[in-house]
Every structure is written in structure tokens, then in C-alpha cells.
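# Coordinates in review
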Amino acid sequence: MALEQIVKPEIAALEPYQPGKPIEELERELGIEGAIKLASNENPLGPSPRALEAAHAALSGMHRYPDGGSFRLRRRLASHLGVEPHQIVLGTGADEILELLVKAFVRSGDEVVYAWPSFAMYPIVTQGAGAKSVRVALDAGLVHDLTKLRAAVTPRTRLLFVCNPNNPTGTSVGAGELDAFVKALPSHVVLAIDEAYCEFARRPDFPRTIEWIARRPGSIVLRTFSKIYGLAGLRVGYGVGDAELVGYLERARHPFNINSVAQAAAEAALDDVAHVAATRRVNAQGIEYLTRELRALGIEVWPTDANFVLARAGGRATYERLLREGVIVRPLGGFGLDEHVRITIGLPEENERLVKALRRLRQEAA
Ligand SMILES: *Cc1c(COP(=O)(O)O)cnc(C)c1O
């Protein structure tokens, strides 16, 4: 029996997600040490010490199944966000919530609308369901064009993603615009607002999206512990939304999706407001520094509300050349941004190392 004849065509056609290159892999390939990774939007300060401690303490209970309902974490999150616990669904990363949305609402042949370039998982989960991706170009400033996004909705649209701030551009939309967009969206569309980076946003009118949830049934906001909370390796994300919608996702998820160490660490990370504040501070300073220094090198840099910057620093060639300097950034050729890289804000010394490496590249090219 030829497997290729029975595999579902939508699965065979999938292009797997391309993760940032791991530090260990680069060091092995080049035979070097001390490489730095500014490629996956991780927290450069590491995890909160309180989260680490809670994770250690939870290890001794690893022979038990975790609490399948993540009771404590969910209750803690609900009070943090000002919602009811049954409005929250936890996932192994926000990525799992994307999968659950598709699993619950998208059938083969349906349409899923999202801006492009945006998060690479949207096409993957859409394709996996045999559904059709409807991609709407960002505007000239690489910001979501909400008018065009609204116009792309048809009777076949089941799900619409808005990534705010947007990955990989760092750009964002404000409360006024988003509010008007949400009000105009037809009720047959499930709306998922992906706020993986919202804790970094600095614009004063950044939407307080969770407060709107009750006003628009069929909406969900996605958040993660992978970015500002520094727990990417433990895989915890969540969706906050309309209780009916959350109830369907709860039915679709695996019963023990969040492991016990992750539950304990996430709860402690939420409580460590000092670590979150320090992360935000290091990030804001890093944005100022990198924007100034890259522009001084003649490199175009976009305004960002996230923990990375989009820079027109040269595409694949710059990426490859930086690798040889022991600096990992993210090339964006797969997003149609052939001359750009995405640079995660690092520690001050890491940012300086990147700037020095880019300066060297410029001098070589001159
Ligand atoms: C990182 C990221 C996520 C999810 O990350 P998880 O690690 O799966 O929680 C979701 N959306 C965007 C836009 C991201 O950049």
C-alpha cells in the first residue's frame, strides 16, 4: 500500500513551520561558542526566578497526571484579566488555540481570512484543515489594512485572524480602528485577535481587547506565556473569549494538554510583576538603541509595539553572514520580505554585538 495514496492531500501539501535556528545547532555547525539568538522573540532575561522555583517544586509530582482543568492557573488568570474562569481555554502554546479554532469551526473548503505578512502558523493550520487561506496585503506602512480585511469576508469565511501587534512587522492597530472593524464584522465569522506581544505595546491607544469580548459573541483573544513571561520552552498559551466559543474549544482539546510543571511555572510567572516590568524596560531600551543605531547605518527600521524590529538590512545574505558572526536573526524571504530580517530585542550587550556585526558587513560591502 502506498501511503502517498491515502495520506490526506491537505496534509501532504503542508510546508512545516520554520523555527529560528537553535543556538546549539549553529555552534555545532561552525565549531564556535557564545553564539546569540535574536530570532524567536524569546525573553532575553530568561524565565522569572519565581517561575523557575515553582517549576522545580512541581517536578516531584511528575508521576501524577496534571490537573486537566488547570484549575489554579485558570482562576489566577481570570482574576488577572478580570474575566470568568470559564472564559479561558489553555493551550500548549497559543499555537494549540489556533489549531483548536480550526478544528472546531473550519471545514474543508471554508475560507480563513488574515493579513499577510503575518504569523506563519495561520497558513499552516488553515491548510491542515483543507480550507482556503484568503490573504490580505498589509498597507504601505506594513500595518493591517482593516478595511480590506473586512472586504475580504464572504459567506464562506469561518475564521478571521488579526495579529496585533503583528508578527513579523511589529506594527499595530489602535483601539478606535479595531473597535470600528469589530463592530462591522458579520456575525458568521469567528474573530481571533492574536495578542502574543500585547504586553510590550507602548502606544497609549493600544486596544483593551478583553473588555470587548462580551460585546461580540464568537470572539477570542489569544495570549501566550512564551514571550514576555519567558516560558517558551514549557508551552503555555491561552484564549480568552466568549464563554460559548471557549466551551467548544474545551471539548476539542486534549484532556491533559498543560503539564503540571508548566501550570505551576505559569502561575508564578504571572505573579512576578517585577520580572515583567524589567522585561518591558529592557525591551523598550533595546528598541530605542537598535532603531537609532540601525538607522545611523542607513538601514530602514519599522516602528514596533513588540519585542522585535523589522529591518531592511538585506535578506538571506545578511542572515547567512550574521550566522558566521555567531548572531542568529530571522530571514523573512518566506513572507515576501526578501530584503528584510526580523531582529528580536536582546540584552544590551547582545544588541551591541548585532550592531557591530552589521557595521562590519556594511564596511565589507562598501
Ligand atoms: C509566538 C507567537 C504565538 C504563539 O506562541 P506559543 O509559543 O505557541 O504560545 C502566537 N502568535 C504569534 C503572532 C506569535 O508570534
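Our structure's up above, just so we're on the same page.
All residue numbers refer to positions counted from 1 along the written sequence of the respective chain. Whole-chain, interface and lining totals are the exception, using all residues; otherwise, since this is a predicted model, local features are given only for residues with pLDDT of at least 70 and side-chain atom pairs are given and counted only at 80 or more. As a rule here, side-chain values cover all heavy atoms of the structure and leave hydrogens and water aside.

### Considering the side chain of E27
We count a stretch as a helix when DSSP gives it H or I for four or more residues in a row; a strand needs E for two or more, and each element gets its number in order from the N terminus. Mapped onto the secondary structure, E27 falls in helix 3 (residues 23–30). Buried means the residue's accessible area, taken with a 1.4 Å probe over protein chains only, is under 20% of the maximum for its type, while exposed means over 50%, and partly exposed covers the values in between. Counting rule applied: Lys, Arg positive; Asp, Glu negative; His and chain ends not counted. Salt bridge, as used here: a side-chain nitrogen of Lys or Arg that lies within 4 Å of a carboxyl oxygen of Asp or Glu. Summary of buried charges: E27 has no salt-bridge partner, and the nearest side chain of opposite charge, R353, is 7.4 Å away. Setting aside anything within four residues of it in sequence, one finds E27 in contact with I32, E33, G34 and A35. We call two residues in contact when some of their heavy atoms are within 4.5 Å.

### Observations regarding the site of the ligand
The near set for a molecule or strand comprises every residue that places at least one heavy atom within 4 Å of it. Near the ligand there are 13 residues, and of these A94, Y197, T224, S226 and K227 occur at the shortest range. The definition of a polar contact used here is a pair of N or O atoms within 3.5 Å, where within protein one atom must be able to donate a hydrogen and the other to accept one, and adjacent residues in sequence count solely through side-chain atom pairs. Y197 is positioned such that a nitrogen or oxygen atom in its side chain is 2.6 Å from an oxygen atom of the ligand. Between the ligand and S226 there is a distance of 2.6 Å, counted from an oxygen atom to a side-chain nitrogen or oxygen. In these tables, accessible area is a Shrake-Rupley quantity obtained with a 1.4 Å probe, and a residue counts as shielded only by the protein chains included in the view. Against a free-state accessible area of 390 Å², the protein chains account for coverage of 94% of the ligand. Within the shell around the ligand, the residues separate by chemical class into five nonpolar, four polar and four charged. Here the nonpolar group is Ala, Val, Leu, Ile, Met, Phe, Trp, Tyr, Cys and Pro; Asp, Glu, Lys and Arg are the charged ones; every other residue, Gly included, is treated as polar.

### Looking at the pairing of strand 5 (residues 157–163)
Residues in a regular strand project their side chains so that they alternate between the two faces of the sheet. The buried count for strand 5 comes to six of seven residues, which makes it a mostly enclosed element. Inspection of the sheet shows strand 3 (residues 111–116) paired to strand 5 by four bridges, in the parallel sense. The partner of Y114 across the bridge, within strand 5, is F161. Two elements, strand 5 and strand 6 (residues 190–194), share five bridges in a ladder whose sense is parallel. Looking across to strand 6, one finds that L159 is bridged to V190. Seen with its strands pointing away from the viewer, a crossover is right-handed when the path leading from the first strand over the helix to the second is clockwise. The β-α-β motif built from strand 5, the intervening helix 9 (residues 175–184) and the parallel element strand 6 has right-handed crossover chirality. DSSP calls a pair of strands paired once it identifies at least 2 bridges connecting them.

### A closer look at the pattern of salt bridges
Summed over all chains, the structure comprises 24 salt bridges. Ionic pairing is found between D205 and R203, a salt bridge with its closest N-O pair at 2.6 Å. The exposure class of D205 is partly exposed, given its relative accessible area of 34%. One salt bridge in this structure joins E293 and R292, with 3.7 Å as the shortest N-O distance. The buried category is assigned to E293, whose relative accessible area is 19%. Here the salt bridges do not stand alone but share partners, grouping R321, E325, R360 and E364 into one network.

### Considering the environment of F200
Along the chain, F200 falls in the loop between strand 6 and strand 7 (219–224). A C-alpha to C-alpha distance of 21 Å links F200 and W116, two positions 84 residues apart in sequence. Those residues within four positions of F200 in sequence are excluded, and the remaining contacts are K227, I228, T279, N283, D305, A306 and N307.

### Focus on the pairing of strand 10 (residues 308–312)
Taking burial as the measure, the five residues of strand 10 include four buried ones, the bulk of the element. Examined bridge by bridge, strand 9 (residues 300–301) and strand 10 share two bridges and lie antiparallel to one another. Its bridge partner lying in strand 10, E300 is registered against R312. Counted along the chain from strand 9 to the antiparallel partner strand 10, the turn is six residues long. The pairing of strand 10 with strand 13 (residues 341–344) spans four bridges and is classified as antiparallel. Within strand 13, the position partnered with L310 by the bridge is R342.

### A short note on the packing of aromatic side chains
Only the six-membered ring of Trp is used, alongside the rings of Phe and Tyr, when aromatic pairs are assigned; centres must lie within 6.5 Å, and planes under 30 degrees apart are stacked while those over 60 apart are edge-to-face, with the rest tilted. Tallied over the full model, the rule gives 11 aromatic pairs. Centroid distance F225 to Y238: 5.9 Å. Interplanar angle 50 degrees. Geometry classified as tilted. Of the two residues, F225 sits in the loop between strand 7 and strand 8 (237–241) while Y238 sits in strand 8, which places them 13 residues apart along the sequence. A residue is classified by how much of its surface remains accessible, and F225, at 0% relative accessible area, is buried. Cation over ring: R135 sits above W116, and NZ or CZ is 4.1 Å from the ring centre. One cation-aromatic arrangement involves R342 over F308; the distance from NZ or CZ to the ring centre is 5.5 Å. Criterion for a charge above a ring: Arg CZ or Lys NZ at most 6 Å from the ring centre, at most 35 degrees from the ring normal.

Shape descriptors only; they carry no functional weight alone.
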